[in-house]
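Letter by letter, the chains look like this.
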Amino acid sequence: MTNPNGEFNKNSAEKKSVDDICARSLVDGLADNFSSPTDPHSPPIVLSSVWSCEGTGQADALLNGSLDGYVYQRDGHPNAVQFAAACKSLHEAEEVAVTSSGMSAMALAMLSQLKQGDHMVVSDQLYGGSTRLLTDEAARLGITHTLVDMCNLDVVRAAVIPATGLVVVETISNPLVRVVDIPAIADISHNQDALLLVDNTFATPALCKPLTLGADLVLESVSKLMNGHSDVMLGMLAGRTEQWDRVPTALSVWGLASSPLQCWLANRGLSTMHLRIRQCCENAMAAAKYLAQHPRAQNVQYPGLADHQDYEISQSVLANGFGHIVTFQINGGRNAVDQFIGAGSIPFCPSLGDVMTTMSHPCSTSHRSLTAEQLESLGLSQGTIRLSIGTESTEYVVNCIEAALDA
Ligand SMILES: *Cc1c(COP(=O)(O)O)cnc(C)c1O
């Protein structure tokens, strides 16, 4: 234990055995290791799962929230607080919770805002994991839902009822990059006192800040573009103080909290997000235009193309670019997809948002559980390829696509 000057008790130190030295090695000498008149330019990673309190009164004050500080990592730690501060500014939010993944941010939104008997209106084009959570898993807890096409506002209006607690959409959907009218859906939700939750993963706060467009809650899978290097699993939920009462407790007791190393890495990734996204958007526009005139590519989907069905809405919902996802159909179905992959010019990684261009095949990965009819009604086929455009030079990206199409 430290005395009030922060020094370790000399008497007990003199009597130390090997056992004692080992068991105390992390706290003995701590003050020496950190003492410097200068500050580290890169933030330390504080991996400690627990903090030592100076007395019962302090422990009490920390745990009842009257004193700001840390006691147990699951309830808060410095690297999460640092990452949350950046997210709060980016999203112009009053509150941010950092979670262990994008899925745990979705779970946190549901568990903190809803209870048995509540109803949700859910986009029929959500990320597969979100769809399963909000339909099958939520139903087991007595929370019901209606799946709707969020691009048809009449259908959304009819689906939101007095029991609706949450309306859930994605800014840009996967894989057909439909862009939703966030202000209009916020109005429809608020008319029935429901909250609008926007999964902003495909846009990031560099392109869209849903809270400024009327949404009540926004989540990001930080694992994707915000971190950007395919080496982190992390999520965040942002909102306003009004909606936040139950969030800290739900985050802690459902075990959804983040780890310090993941937050530290994500913070480093975030420091170049603006540059990566600028380059990704520029490259994606060039890739979409290239594909649109290529004889082997059909049905090219990119919200920045004037013939995309949400081109108009994209102008108001997305700022600074139309995102990094370009989806198209290759002539020749699944065999042609395997040839495209076999060319080896674009890695087949069923995720998105990396610094380098990657591709995914929805029918064998993210959308594999859908029936043939469901796939067809969404406009997907065995030839559908989703590109996650990266930060290479524009010429290189187009050359890689050309090489894969020629294979
Ligand atoms: C990946 C993803 C998620 C889930 O995030 P994880 O960090 O993988 O848990 C949620 N929504 C969207 C749109 C995603 O792409």
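Residues numbered from 1 in each chain as written. Predicted model: local features only at pLDDT ≥ 70, side-chain atom pairs only at ≥ 80, totals over all residues. Heavy atoms only, no water.

K.L.:
Can you tell me about the overall build of the protein, naming the residues and giving the values?
P.N.:
Looking only at helices and strands, one finds 17 helices and 11 strands in the protein. By the compact-globule yardstick of 22 Å for 407 residues, the protein fits well, its C-alpha radius of gyration being 24 Å. The C-alpha extent of the protein, read off along each of the three principal axes, is 80 × 50 × 35 Å. Every one of the 407 residues in the protein was classed for burial, and the buried ones make up 48%. (Helix = DSSP H or I, 4+ residues; strand = E, 2+ residues; numbered from the N terminus. Rg over C-alpha atoms; globule rule 2.2 N^0.38 Å. Buried < 20%, exposed > 50% of the residue type's maximum accessible area, 1.4 Å probe, protein only.)

K.L.:
Any details on the confidence of the model for the protein? Residues and values, ideally.
P.N.:
Of the residues in the protein, 96% reach a pLDDT of 70 or more, and the chain-wide mean stands at 94. Taken as a whole, residues 1–6 scores under 50 in pLDDT and shows 6 contacts with residues more than four places along the chain or in a different chain. (pLDDT = per-residue confidence, 0-100. Contact = heavy atoms within 4.5 Å.)

K.L.:
Got a sec to walk through the packing of helix 5 (residues 78–91) against helix 12 (residues 260–270)? Specific residues and values, please.
P.N.:
Packed helices, taken two at a time, are described by their axes: the angle between them and the distance between them. Contact geometry of helix 5 with helix 12 gives a least axis separation of 8 Å together with a crossing angle of 35 degrees. Where helix 5 crosses over helix 12, the handedness of that crossing is left-handed. Taking contact as the criterion, the partners of Asn79, Ala80, Gln82, Phe83, Ala86 and Leu90 in helix 5 are, on helix 12, Pro260, Cys263, Trp264, Ala266, Asn267 and Leu270. Here the residues of the contact of helix 5 with helix 12 are counted per class, giving 9 nonpolar, 3 polar and no charged. (Axes fitted to C-alpha atoms, helices over the stretch in contact; angles between N-to-C directions. Left-handed = near helix turned anticlockwise from the far one by under 90°. Nonpolar A, V, L, I, M, F, W, Y, C, P; charged D, E, K, R; others polar.)

K.L.:
Let's hear about the sheet that holds strand 9 (residues 325–330): which residues, and what values?
P.N.:
The 4 strands lie next to each other as 8-9-11-10, forming an open sheet whose pairing is antiparallel. Both edges of this open sheet fall to strand 8 (297–301) and strand 10 (358–360), since each of them pairs with a single strand only. Put simply, the sheet's adjacent strands are angled 25 degrees from each other on average, direction ignored. Here strand 9 runs beside strand 11 (residues 384–388); their pairing, made up of 5 bridges, is antiparallel. Directly across from isoleucine 325, in strand 11, lies its bridge partner serine 388. Along the sheet, helix 15 (residues 333–342) makes contact with strand 9, strand 10 and strand 11, crossing strand 9 at roughly 125 degrees. (Pairing = 2+ DSSP bridges.)

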